[in-house]
Amino acid sequence: MRALAAEASKLASLPAVWIATAAGVLVPGVVAAITASSTRGAIARGAATVAGADTGYQELAFGVVGAIILGVVAISSEHFTESAESGGGRQITTSLTAVPSRLRFLLAKVAAVAITGAVLAIIASGTTMGVIHVVLGEYTPAMGADDVPRLAGVVCYWVHTALLASGITVLTRHGVVPLAVLIANTSVVSVTYLLTKITPLANYLMSRGR
């Protein structure tokens, strides 16, 4: 538990983690506000009567970039070389001195990333759905029992994305490549979607909503 608390404390001290939090919460919230405003305009023109059932969930796909940043930074910060004035060392040296077992260290790191990613997803989901309901009001479908597993799926997706980003960064020991590849995969072109054309097993990989 002390190792987990230490990793959580390190995450909280990283400015990039707060950037990830802002991106994860604000980006889908802003996109949701724009989408909801357009939908309300369509309703006013008579082109629609209520918002679609996927309203809000699609916008949350944009916020997963926050989970990617979180997962990458949690690992890459350990391998960042400090300035010469600070001794030119790396955080990983201090971390393994405090927790000699690499397995225990990685488990604590993974647990901290998973918990933080889950909290981030819950906050982002609540904020995004709140924006949708505020802007659309009575024109949005009431949330029911069917929304619980969907929201749980959002949380699982964000957590798994953060863990995947961490895993790739463990292998590369650098944050640039994982960030570029994963952000491109979720926002520009989905490599996993292309793989589904080759094998249906690719449907189980992380992919952009389509």
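How would you summarise the nonpolar core if you had to cite specific residues and measurements?
Among the nonpolar cores identified, the biggest contains 28 residues, and Leu 11, Val 17, Leu 60 and Trp 158 are the most heavily contacted of them. Of all the elements in the fold, those that place two or more residues in this core are α2 (15-44), α3 (57-60), α4 (64-79), α6 (102-136) and α7 (147-172). With 8 residues, the top contributor of residues to this core is α6. Beyond its immediate stretch of four places on either side in the chain, Trp 158 contacts Gly 24, Leu 60, Gly 63, Val 64, Ala 67, Gly 117, Leu 120, Ala 121 and Ala 124. With 6 residues, the next largest nonpolar core counts Leu 96, Val 99, Phe 105 and Ala 108 among its residues.

Explain the packing of aromatic side chains residue by residue, including any values.
This model, assessed by the stated rule, comprises 0 aromatic pairs. Residue placement shows Arg 150 over the ring face of Tyr 57; its charged tip is 4.0 Å from the ring centre.

I'd like a description of the side chain of Glu 59, backed by residues and values.
Structurally, Glu 59 is set in helix α3. Put simply, Glu 59 is tucked away with no salt bridge, and the nearest opposite charge, on Arg 150, sits 9.3 Å away. Side-chain polar atoms of Glu 59 contact the side chain of Thr 35, separated by 3.1 Å.

If you had to explain α7 to someone new, which residues and values would you point to?
Here α7 is 26 residues long and its end C-alpha atoms lie 37 Å apart, about the 38 Å a rise of 1.5 Å per residue gives. The positive-phi residue at the C-terminal boundary of α7 is Arg 173, with phi of around 55°.

Describe the packing of α4 against helix α8 (residues 176-187), with residues and values.
Contact pair α4 / α8: the axes reach a minimum separation of 10 Å and the direction vectors enclose 165°. Classified by the angle their axes make, α4 and α8 are roughly antiparallel. Of the two possible hands of crossing, α4 and α8 adopt the one that is right-handed. Judged by residue contacts, Val 64, Val 65, Ile 68, Ile 69 and Val 72 of α4 engage Pro 178, Leu 179, Leu 182, Ile 183 and Thr 186 from α8. Grouping the constituent residues of the contact of α4 with α8 by class yields 9 nonpolar, 1 polar and no charged.

Rules used in this analysis
Residues numbered from 1 in each chain as written. Predicted model: local features only at pLDDT ≥ 70, side-chain atom pairs only at ≥ 80, totals over all residues. Heavy atoms only, no water. Core = buried A, V, L, I, M, F, W, Y, C linked by side-chain atoms within 4.5 Å. Buried < 20%, exposed > 50% of the residue type's maximum accessible area, 1.4 Å probe, protein only. Helix = DSSP H or I, 4+ residues; strand = E, 2+ residues; numbered from the N terminus. Contact = heavy atoms within 4.5 Å. Phe/Tyr/Trp six-rings, centres within 6.5 Å; stacked < 30°, edge-to-face > 60°. Lys NZ or Arg CZ within 6 Å of the ring centre and 35° of its normal. Lys, Arg positive; Asp, Glu negative; His and termini not counted. Salt bridge = Lys/Arg side-chain N within 4 Å of Asp/Glu carboxyl O. Polar contact = N/O pair within 3.5 Å; in protein donor to acceptor, adjacent residues only side chain to side chain. Expected span 1.5 Å × (residues − 1). Axes fitted to C-alpha atoms, helices over the stretch in contact; angles between N-to-C directions. Parallel < 35°, antiparallel > 145°, perpendicular 65-115°, else oblique. Left-handed = near helix turned anticlockwise from the far one by under 90°. Nonpolar A, V, L, I, M, F, W, Y, C, P; charged D, E, K, R; others polar.

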